[in-house]
Every structure is written in structure tokens, then in C-alpha cells.
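Commentary on secondary and tertiary structure
So the chains spell out like this:
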Amino acid sequence: MRRFPPLKRILVWLVALAGIAFALPNVLSRDEAAGLPSWMPHRQVALGLDLQGGSHFMLRAARSDIVAERLEAVAGEVGKSLRDADIAYIGLAGEGQSISFRVRDRAQLPAARDKLKTLTAPVEIGGFGRGAVSEVVFDSADEDELVRLRLTDEGIDYRLSLALAQSIDVVRRRVAEVGVLEPLIQRRGEDRLIVQVPGLDDPQRLKDLLSQSAHLTFRLLDTAVPVQQAVEGQAPVGAEVLYSYDDPPVPYLVQKEPLLGTASFLAAQPEADPSADTASVVVKLDAASQQRVAAVTAQQPEAKVAIILDGQVAATPKLSDAVKGDTARISAELPADSAADLAALIRTGPLPTQLTFVEERTVGPGVGVDAITDGLKAGLVAAIAVAASMIFFYGVFGVFAVIALALNIVLILAVLSVSGATLTLPGIAGIILTIGVAVDSNVLIYERLREEVRGGEPLRRTINNAFSRVFSSIFDANLTMLIASAILFYLGSGPVRGFAVTLAIGSVTTLFTAYTVTRLIVKRWLRQWRSERLPKGIRTGRFSNLDIRFMRIRNPVFILMAALSAASVLLLAGIGLNLGVDFKGGSIIELHSKGGPVDVADLRTRLDELNFGEVQVQQLGSGEDVLVRVPSQEAGDNAEQTAAGVIRTELADEYEFRRVEVVGPVVSGELTRAGTMGLAISFVAILLYVWLRFEWRFAVGAIIATVHDVLLTVGFLVLTGIEFNLGSIAAVLTIVGYSLNDTVVIYDRIRENLGRYRRMPLSVLIDTSINQTLSRTILTALTTILALAALYLFGGGLIRSFSVTMLFGVVVGTISSIYIAGPILILFRKRTDHIPGDEITSGADAGAAGAAKGTV
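Please read these numbers as outputs of a predicted model, since none were measured by experiment. Counting starts from 1 at the beginning of each chain's written sequence and moves along it residue by residue. Where totals are concerned, whole chains, interfaces and linings use all residues; where local detail is concerned, this predicted model gives features only for residues with pLDDT of at least 70, and gives and counts side-chain atom pairs only at 80 or more. Note: side-chain values were computed over all heavy atoms of the structure, leaving out hydrogens and water.

Elements are defined by DSSP. Helices are runs of H or I of four residues or more, strands are runs of E of two residues or more, and each kind is numbered from the N terminus. When helices and strands are counted, the protein chain shows 28 helices and 27 strands. In terms of overall dimensions, the protein chain has C-alpha extents of about 115 × 65 × 60 Å along its principal axes. Counting the 856 residues in the protein chain, one finds 51% classified as buried. Two residues qualify as a contact provided that any one of their heavy atoms is within 4.5 Å of a heavy atom in the partner residue. The long-range share in the protein chain, meaning contacts at least 24 apart out of those at least 6 apart in sequence, stands at 75%. All accessibility values rest on the Shrake-Rupley procedure with a 1.4 Å probe; residue burial counts only the protein chains present in the view. Accessible area for the protein chain stands at about 38000 Å²; split by element, carbon and sulfur atoms hold 57% of it. For the charge count, each Lys or Arg is scored as positive and each Asp or Glu as negative, with His and the chain ends excluded. Positions of charges follow a simple convention, taking NZ of Lys, CZ of Arg, CG of Asp or CD of Glu. Here the protein chain holds 81 positive side-chain charges and 88 negative ones, and the gap between their average locations is 16 Å. Remark: exposure states derive from per-residue accessible area (1.4 Å probe, protein chains only) relative to the maximum for the residue type, with buried under 20%, exposed over 50%, and partly exposed in between.

Printed below as a string of C-alpha cells:
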């Protein structure tokens, strides 16, 4: 066996020691980690909201709102510019992204166009791109006296980007108002904001604060004409009709020009009314605003002012009563909590555009603690089961595999700590799955080592040959998992990204620990004991004498599998998947009763009375926990949030809201497209690699086998009615990687044997190859099933559907790598010197087959 270069050996142990150092703070409490020496790492793994409790919100700025605001603003500027230039016009109006008007005197048309050139001048866009952008352009040649301008798409994009950038600061200030110090607020795409708030006690209050633009103005009432006349006809120039919050709403004619606005307000505080159970909001004004109000009050002592919030009239007091000196008072008989929220909105300033909640995922702190406990329990059980099975089958070499596996987990935690990546509950599932899959590399090495030993060469050389020849299979297996993880991370969201992160990290660390570290340990063992034989305790030799003729029954099994695949397609078309809220929208609410067992019938009746459609109520493990599913509301994203808010108001006194997931139609549609695209891209990327790694016949076989596994898994989900959500997409993608890994290992051996036994009939050669890798197939499936069984039994309800889907997929993937991938090669006659028939017709062939059978 070739020696490890000293530098390489030192680097391996340095990586291992660094991993232990960076992972160490995670086994300590936060205070203990902070007390470590300054030269040691202190950072712990960042826990996702599903593990520590908190809320994840996705907010969307509507492009149509930006267009409407810009249309109104530009139309106002056009009218003002024309009036300032004494150019008479008629029919100033906006529609879509166009603004048009007619000049009364055609002779003034050039002057009008010249006056409006300032509106069409390019705007420097600074940090939002390079150069400048024209927000407004003349739309077409003038027809008679008609002038038409158009808002450009580039200008709207710029305004949308600017509004989102400005919204981040406002959102951050409003989150601070509810007492959260470390929120995560970032842009997502062109029109979204992600807000993640750990440890949030009252998510509804934060939603109320973020859902309001909070444009507050004081405007004088216009008494030029009666209000009803303005409602039925046209409001005077400089005035408009607005309605109150009353039911039914009351119209008011108010001046467009604000007397007081956002710039006037210096501070705001709620002030309780000792004589009533209400409160008002006291606002401090700047000096210029005080002077302006004093001038109006002197001229119009009886003037009334409308206090307007987001386009609706909240109150209409006398100006002299509402504003006294440097203080404005908003008295609208507000409850104390509403007054506190209004004061917070004034302090934080208005949002530049309305933000709509399109997704919410809230987890109570109790659920997070339970999830961590369940995850650790499942991980411990999985690790013990896998370690015990490896030691049972491989003895001392099994201990080496367990050491490599332990280091693998340590390195995953270290990378998570250093990178700052978030660990979610599905991320824990990814680590546990890595435990089951990682030992596959050790099994491949040990089984290849047993095979090489039969060649009679010195143990040092056979060990070196075994590691060298098995590297390509280990690399392929982890690369396919890495590809699936990368696609899942790119197209996934929230906790599912956490699964992709840990699975991707595990793919890389497995390649290091299972191959490099194991090789270093085996080398050390060989130098220490100077053995010329493999150690005792390896029990996989019982598979060596197997000579199962798998291909003899290939036709009936292939037909059966094809029929099951066709049946799965029919089930999918006829019954369909039980789509979760991720893909069809709606709400999922997990409740815990504060007063003992839940009366499910009574709860269902109460929810039905709210008229939110066919609400489902499912009792969970204990009689005090229930899961409520609210169907998607047809009125859009705001309707979804309204439904969840009404249910919270209805049940908050009697139930603890442990988990809330609300997905609007926009996000559900995007997730559906992303999930479909993710599966398609993963198929193409992984199978393209197989094509390059082998050749087209092998690639087609791998494609058909993988499609078969996906179809049967989908059929299983349809039959069982398991909810199909983002976790299911993660399960299917992982099954694709696992199944392809199984197929690649067998194909690798088939390709090797094609060069070794050139006259052996293809079906016999395939059987030989499968038998040679059968011990690896069985042990890898066993360890993976043990890990998944631990997830299913101890991982908690949130990942149970993922676990059972994966369990089914592992079994199906193992079968397809034998009875789908193999027969496909026979179908394509993958051999130029193929001899028809399944029987061996020459003594040379028989000898080759016998030699192959004895080589495992």
C-alpha cells in the first residue's frame, strides 16, 4: 500500500481537529460556549425557526400598485406643469401605463411638449443598476391635439426596486417595535421581502403593523360644495372624496394638499383616557408645521380637519381642538392596544408601497423544543443502529467505519457553525439520512477489499487496489446527491433549503471521511499489526456463495414493474395527489387546547360557521392537540391572511397556536412550478453526468429505472393519501439520488466485467455483477432503512411523511437497480460480441462464470 505523504497525513488530521474545535461549542450551553478561551471558536449552529420558534413571512409589493401610484403622480405633475405654463388642456387621464390629454389650442402643442421634457429626462438609478433610465417617454406621434405619454417598464422596475429597498428600513423599525432584536430581513427576487423573526410571542401584532402602509395626513375639510354633490358629480379642483372607517362608510370632501404629513411628525406616544377605557395618540410637530397650523387657525377658527390613515378618514375634529401648540392629538376612541400600534406606525414612518403577506410559517417555542428533542432522539437511535450493524458485519473494520461516521457528523456541524447556515428540522433529517447513506462508501471499500484479497496478492497491495478501484463509485454516489441538493436549495424555500444544505455538506464530508480518513486508519492498522490477512469478524462472506439468477425472471418482473408504473400514472390522473398548502394554498394550524381534551365536533362546527369553506379538523396524538386545514380562499393572498386572522381571534382564548402555515395562491403557484422544474432539472443534470460517465445505453437504463422509481413513489403517495408538500419534493429528489447511486454501482461492475469476461452471455454477466455487489446493496439498504425507521418512529409528525416516503423509495430503488436497469441493457444488447441465449455454451464461458461467481 502506498504511503500517505507526511504533508497529506498532517492536513487530514488538521481538518479533523479543526472540525472538532468548531463543532465543540454546539455541545455546550450558550454561556459555556461564551466562556471558552478567546483563541477557540465560539460560534454555535444557527437554529431555524422551526427549531427555536418564531415566524417566517414573505411579503410582496404589487407591481400594479407601483404603476397606479406613478400614474397618479405623473398625471399630477403633467397638470401642474401645463397650468404653470398657462396651457389649456382637457381630458387628462391615465390608463394602463399611459397618460393622455388634449391641448385646446393646437398652436400651443410644441410648447406643451417642450414643457413636459423635464418629465422624460433620464433618471440616474445609482445603486439599482448602471447609468440612467427614462421613466416617462412620449408614446407616439401626436394626433391632432392629443398628447400621450407612457410609463416605461424600466422605470417601473426602478421604482419597485427603490420601494423595496426603502421598505426594508421601515420593516426593520416596525419589527423592533414588537421587541425583537435580531430579525432577518432580506430581498427575495424582484418584488419580495423575507422577514424571519425568532422567538416572536405575538405574530398577529407584527402582521398588523406590517400590513399597513401607515400614510397619515391631516387635511382640511372642503366646504365649497356639499359632500353629496361631490359624490354624485365631480369634486372641485384640489379636492377629493374620501370615506370613513364606519360601517356604512361616511363620505367626506377633503383638500388634496395635506396640512400635516409624515415630515411634520417628530414623535408619537399613546395616552390613556382615565375617564374611559380608550386611548388617544399624541404627536409632536416640528416648528414649520406649528406655524402653518397657527396661520390657518387664525384665518378659519372653526375649520375642521380630517385625520386620514391610508386613504380613509379616521376622525374629523376641529383643527383648534386637534392641534394645540406643538402637539397634535388623534382621538378616535381607540382601544389601548390599537393606540399603541398607531403610535408605533407613526414613529416608524410609512411604507413606500403596500406590502401583502403571501406566505406565513409560524412555530411556537414549545414546538421547536419538541422538534429538537425528537430530532436528537431519532439521530441517536439511527447512529446506534447503524454503528451496531457495521460492527456486527465488519468487526474491527466496522469500528473504523463508525469512527469515520462520527467524524463525518462532527464535520457537518463544524461547517454549519462556520458558514452560519441555518439548521432546520428537515436539516436534521438530512444529517440522519447522511448517517445511513455515508456507510455505503465504507461498505463499497470493504467489499471490494474482500474481493481483491481473493486474488492472492499481498495485503498492502490489495488494500491500495481496493481503495483506488472503488473511488469512482464513491465519487459518483456523492456527486449525484450533491447535484440533487444544489437544485433543491436553488428552487426550494425555508426549511427544505435546510435539508438541501445538510445533505450537500454531508455529500462532501462523506467523500472525505469515508474514503480519505478510513484509508488513513486502515493504513495505520496495517502498520501497527503487520497483518497479512483481513481481521476476523467480517461476516459478509456469507453472501459470497450466492448465485441468484436474477435475469432468469427478468421478463415477468419487468412487466409487473411496468404495469405498476402505468397504474401509478392512472392513479395520478384519476385520483391525484393530496396536495398540501405548499402547492394549492390555504392554511394549516396546529392547536393545543388549554382546557383539556378537544371536542372535535364542536370545534368543526365553530369553524364551519366562519364560512371559510370545507375546513378539516384532525385530532393528533394526544386528545389536546388538533390540526386544522383551511382551504384556499378564492379572493387572493389577503383573503388567506384574513381567514387565519379570524380563526386566531375566534380561538385564541381557548387554544395555543403551536404552528401556523399560510400560503397564498401566488406562492403556491410558484412552488408548484419550482418543484416540477426542480425534478426535471435534477433528472437532466444527474443523468447527463451518467451519460458522460458511462455511455448512452447505460444512461437510458438509469433514466428508465429512475423514472420508474419516481412513478411508483407518486403512486404510493396517491394510494396512501399522504400530504404532498415541499418535504415530499425533497424525498423524491433524494430517492432519485439514492436509486441512481444503486444503479451506478451495479453498472460500474457490469462495465468492468464486460472487459473481463468477453465471451460470457450478457444476462449471466449481469447476474454475476449483481451478485458481486449484492452484499453492498443489502447492507446499504439496511443501514438507510434503519436511519429512516428511526426518523419515522422518533422524528415527530412534521417529518414522518418524509420518512415513510423515503422508506418506500429505498425499497423500490433497490429493486429497480436490479430488475429495471439490468434488463434495459439486455434489451439494447449492450455487447458487440453478444452470444444469444442465457445458457453458457462453452467450457471457457463456464470457467469464466464460475470464477466470477466465486469472486465477491
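Additional details are given in the paragraphs that follow.
Once that is clear, we can look at the packing of aromatic side chains. For Phe, Tyr and Trp, where Trp contributes only its six-membered ring, two rings pair if their centres lie within 6.5 Å, and the inter-plane angle classes them as stacked under 30 degrees, edge-to-face over 60, or tilted in between. Taken as a whole, this structure holds 16 aromatic pairs when the rule is applied. Between the aromatic rings of F397 and Y446, the centroid separation amounts to 5.1 Å while the plane-to-plane angle is 35 degrees, which identifies the pairing as tilted. Here Y446 lies in helix α14 (residues 425–453) and F397 lies in helix α13 (residues 396–419), a separation of 49 residues in the sequence. When its relative accessible area of 1% is taken as the criterion, F397 is described as buried. The interplanar angle of 70 degrees and the centroid separation of 5.2 Å between the aromatic rings of F499 and F802 together place this pair among those described as edge-to-face. Of the two residues, F499 sits in helix α16 (residues 495–529) while F802 sits in helix α26 (residues 800–819), which places them 303 residues apart along the sequence. By the burial criterion, F499 is buried, and F802 matches it.

Moving on to the pairing of strand β12 (residues 239–244). In terms of strand pairing, β12 meets strand β13 (residues 251–255) through five bridges, oriented antiparallel. Bridge pairing in β13 places Y243 opposite P251. A strand pair is defined by DSSP finding two or more bridges across the two strands. A loop of six residues connects β12 with β13, the two strands running antiparallel in sequence. Relative to strand β17 (residues 312–315), β12 runs parallel, the two being bridged by two bridges. The residue of β17 that forms the bridge with S244 is V313.

Right, let's get into helix α9 (residues 287–299). Spacing of three or four residues puts side chains on the same side of an α-helix, whose turn is 3.6 residues. One less than the residue count of a helix, multiplied by 1.5 Å, gives the span that helix is expected to have. Counted at 1.5 Å a residue, the expected span for α9 with its 13 residues is 18 Å, and the 19 Å between its end C-alpha atoms agrees. Taken together, the buried positions of α9 are occupied by S289, V293 and V296. One side of α9 holds all its buried residues, which, seen down the axis, span an arc of 65 degrees. Away from the buried face of α9 by more than 90 degrees, exposed residues A287, Q291, A298 and Q299 are located. Those residues of α9 hidden inside the fold are in contact with β11 (216–220), β15 (279–285), α10 (319–322) and β18 (323–324). The directions considered for the arc run from the helix axis to the C-beta atoms.

Another aspect to go through is the environment of V666. Tracing the backbone through its elements, the reader meets V666 in helix α21 (residues 665–693). Through-space distance from the C-alpha of V666 to that of G585 is 8.4 Å; in sequence the pair is 81 residues apart.

Here we take up a nonpolar patch on the surface. A cluster of nonpolar side chains, L7, I10, L11, L14, L17 and I20, forms an exposed patch at the surface whose accessible area comes to about 600 Å². Looking at the element boundaries, L7 is found in helix α1 (residues 6–23). Candidate patch residues must exceed 30% relative accessible area and have no salt bridge, after which like charges are joined if within 9 Å and Val, Leu, Ile, Met, Phe, Trp or Tyr side chains if within 5 Å. Note on definitions: salt bridges are taken to be side-chain nitrogens of Lys or Arg within 4 Å of carboxyl oxygens of Asp or Glu.

Here we come to the pairing of β11. In terms of burial, β11 is largely enclosed, as five of its five residues are buried. Burial of β11 is two-sided: the residues L216, F218 and L220 facing one way and the residues T217 and R219 facing the other way are all buried. By the bridge criterion, five bridges tie β11 to strand β16 (residues 305–309) in an arrangement that is antiparallel. What sits directly across from L216, in β16, is L309.

Moving on: a negative patch on the surface. A cluster of acidic residues, D599, D602, D608, E609 and E614, forms a negative patch at the surface. Locating D602 in the fold gives a position in helix α19 (residues 600–608).

The strands that make up a sheet are held in pairs by hydrogen bonds between backbone atoms, and each pair lies either parallel or antiparallel. The strand order across the open sheet built from eight strands is β9-β10-β2-β20-β26-β23-β25-β24, with neighbouring strands paired in antiparallel fashion. Edge positions in the open sheet fall to β9 (184–188) and β24 (616–619), since each of these has one partner strand only. Averaged over all pairs of adjacent strands, the angle between their axes in this sheet comes to 20 degrees, without regard to strand direction. Pairing of strand β23 (residues 586–593) with strand β25 (residues 625–630), which is carried by six bridges, proceeds in the antiparallel orientation. Following the sheet pairing, L591 is matched in β25 by V626. Note on geometry: axes are C-alpha line fits, over the in-contact stretch for helices, and angles between N-to-C directions span 0 to 180 degrees. Contacting β20 (355–363), β23, β25 and β26 (655–663), helix α20 (residues 637–651) runs over the sheet at an angle of about 175 degrees to β26.

Attention now moves to the sheet that holds strand β8 (residues 146–151). Ordered in space as β3-β4-β8-β7, the four strands form an open sheet in which the pairing is antiparallel. Either end of the sheet is taken by a strand with one partner, and the two such strands are β3 (89–95) and β7 (136–138). Taking each pair of neighbouring strands and ignoring which way they run, the sheet shows an average axis angle of 20 degrees. Pairing geometry for β7 and β8, over three bridges, is antiparallel.

Turning next to helix α4 (residues 63–84). If you check α4, its first and last C-alpha atoms are 31 Å apart, about what 22 residues at 1.5 Å a residue would give, namely 32 Å. Within α4 the residues assigned to the buried category are I66, V67, R70, L71, V74, A75, V78, G79, S81 and L82. Along its buried surface, α4 packs onto β3, β4 (98–103), α5 (109–115), β7, β8 and α6 (153–177). Remark: D86 follows α4 within two positions and exhibits a positive phi of approximately 55 degrees.

The next point concerns the side chain of S213. One can find S213 in the loop between α7 (203–210) and β11. Pairs of N or O atoms within 3.5 Å make up the polar contacts considered here, provided that, within protein, one atom can donate a hydrogen while the other can accept it, and that residues adjacent in sequence are counted only when both atoms are side-chain atoms. Here the side chain of S213 touches Q354 through a polar contact of 2.9 Å, side chain to side chain. Those residues in contact with S213 that lie beyond four places of it in its chain are R174, D310, P350, L351, T353 and Q354.

Turning to the layout of surface pockets, a few remarks are in order. Here a cavity is any set of points on a 1 Å grid over the protein atoms alone where a 1.4 Å probe fits but cannot get out, and a pocket is any open set with protein on both sides within 12 Å along at least 5 of 7 lines; a residue lines the site when it has an atom within 4 Å of a point. Grid points are joined across faces, edges and corners, and a volume is the space filled by probe spheres set on the points. Estimates place the volume of the second largest pocket at around 1700 Å³. Taken together, the elements giving at least two residues each to the lining of the second largest pocket come down to α4, β3, α6, β11 and β12. The element best represented in the lining of the second largest pocket is α4, accounting for twelve residues. In the scheme used here, Gly and all other residues not listed as nonpolar or charged are polar, with Ala, Val, Leu, Ile, Met, Phe, Trp, Tyr, Cys and Pro taken as nonpolar and Asp, Glu, Lys and Arg as charged. The residue inventory of the lining of the second largest pocket, partitioned by class, reads 18 nonpolar, 13 polar and twelve charged.

Formed by 99 residues in total, the largest nonpolar core has its most connected members in L416, L488, I750, I766, L791, F802 and M806. Residue contributions to this core peak at 15 residues, all from helix α23 (residues 726–756). Residue contacts for L791: discarding those within four places in its chain leaves A378, A429, I432, G796, I799, F802 and S803. Nonpolar cores were defined as sets of buried Ala, Val, Leu, Ile, Met, Phe, Trp, Tyr and Cys residues, with membership established by side-chain atoms within 4.5 Å. Core analysis: the next-biggest nonpolar cluster, separate from the first, contains 41 residues, I87, V170, L193 and L355 among them.

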